[in-house]
Amino acid sequence: MDYEINKDTLAIMPTSEEECKVLESDNEYDVSMPTLSVIERSCEYFGSTYEGRYIGTKNISGITHKSPIIIEDTNKIIFFPTTSPNRSDCIWVSLNNILTYEKGSKKGTSRIVFKNGNILELNISIGSLNNQIMRSSRLKYLLEERQEKFK
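Keep in mind that this is a model prediction, so the values were computed, not measured.

Points about the packing of aromatic side chains
Each aromatic ring pair is specified by the distance between its two centres and by the angle formed by the two planes. Scanning the model with the defined rule gives 3 aromatic pairs in all. Both rings, one in Y3 and one in Y29, keep their centres 5.8 Å apart while their planes meet at 40 degrees; by these two values the pair is tilted. On the criterion of sequence distance, the pair formed by Y3 in the segment before β1 (9-14) and Y29 in strand β3 (residues 28-31) is long-range, its members being 26 residues apart. In this structure Y29 comes out as partly exposed when scored by relative accessible area, which is 25%.

Take a look at the structure:
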C-alpha cells in the first residue's frame, strides 16, 4: 500500500526496516515502505522533494539535524523525527495533532497525547521530545511569518 500524509496523520512508526504503521485520527494502516520513504513520497505528492524540504527547513530556521519537515505548507503539515531520519527505528510525529506531552512511564521515555485522545509512548527522553516540538513550533512560526508577508 502507498500512503500520502494528510491532516489526519498522527505518526509513522517502523515495524521493520521495510515496513511501517501509519496512525491516523480514526485509522491505522500497514504500509510496505520504510518511514522515511513515506515522508519522501508525501513531500513529492505535495510538489517538492524531501531534500528540498530539508534545505527549506535549514534556510528558514537554521536547523540542520533531526530536522522537522514541512510536508505541505498551505495547511502547515509539519512532521518531526524522534531520531536521525536515517535510522530504521525513527518515528515521525505530526506537530499539528499534538494536544500535550509528558514524561513516560519508564525512565528515558515520553508520552504524546494527540488531539483525538490517542496516546503514543516513545523511547526518547522528555527533554529530546520537548526540543523536537520546540524546533518544529519555531519552524511553523517562521513559515507563518513569511506567508503573512504575502497576504
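There is more to say after this.
Considering the sheet that holds strand β5 (residues 77-81)
Pairing in this open sheet of 6 strands is antiparallel, and the strands run β3-β2-β1-β6-β5-β4 from one edge to the other. The sheet is open, and its two edges are formed by β3 and β4 (69-72), each paired on a single side. Here the average twist between neighbouring strands, direction ignored, is 25 degrees. Relative to strand β6 (residues 92-94), β1 runs antiparallel, the two sharing 2 bridges. By the bridge assignment for β6, I12 is matched with W92. In this fold helix α1 (residues 35-45) packs onto β1, β2 (20-24), β3, β4, β5 and β6, with an angle of close to 140 degrees to the strand it touches most, β1. Taken strand by strand, helix α2 (residues 50-61) contacts β4 and β6, and its axis lies near 125 degrees from that of β4.

As for α2
An ideal rise of 1.5 Å per residue puts 16 Å on 12 residues; α2 measures up with 16 Å between its terminal C-alpha atoms. Taken together, the buried positions of α2 are Y50, R53, T57 and I60. Projected onto a plane normal to the axis of α2, the buried residues spread over an arc of 95 degrees and lie on a single side. Buried residues along α2 sit against α1, β4, β6 and α3 (126-148). G62 sits one or two residues past α2 and shows a positive phi near 85 degrees.

Considerations on the pairing of β1
For β1, the buried fraction is high: 5 of the 6 residues fall into the buried class. Summarising the sheet, β1 and β2 pair through 5 bridges and their orientation is antiparallel. Looking at β2, one finds that P14 is bridged to C20. Two successive antiparallel strands, β1 and β2, enclose a turn made up of 5 residues.

Reading the values: the criteria
Residues numbered from 1 in each chain as written. Predicted model: local features only at pLDDT ≥ 70, side-chain atom pairs only at ≥ 80, totals over all residues. Heavy atoms only, no water. Phe/Tyr/Trp six-rings, centres within 6.5 Å; stacked < 30°, edge-to-face > 60°. Helix = DSSP H or I, 4+ residues; strand = E, 2+ residues; numbered from the N terminus. Buried < 20%, exposed > 50% of the residue type's maximum accessible area, 1.4 Å probe, protein only. Pairing = 2+ DSSP bridges. Axes fitted to C-alpha atoms, helices over the stretch in contact; angles between N-to-C directions. Contact = heavy atoms within 4.5 Å. Expected span 1.5 Å × (residues − 1). Arc of directions from axis to C-beta.

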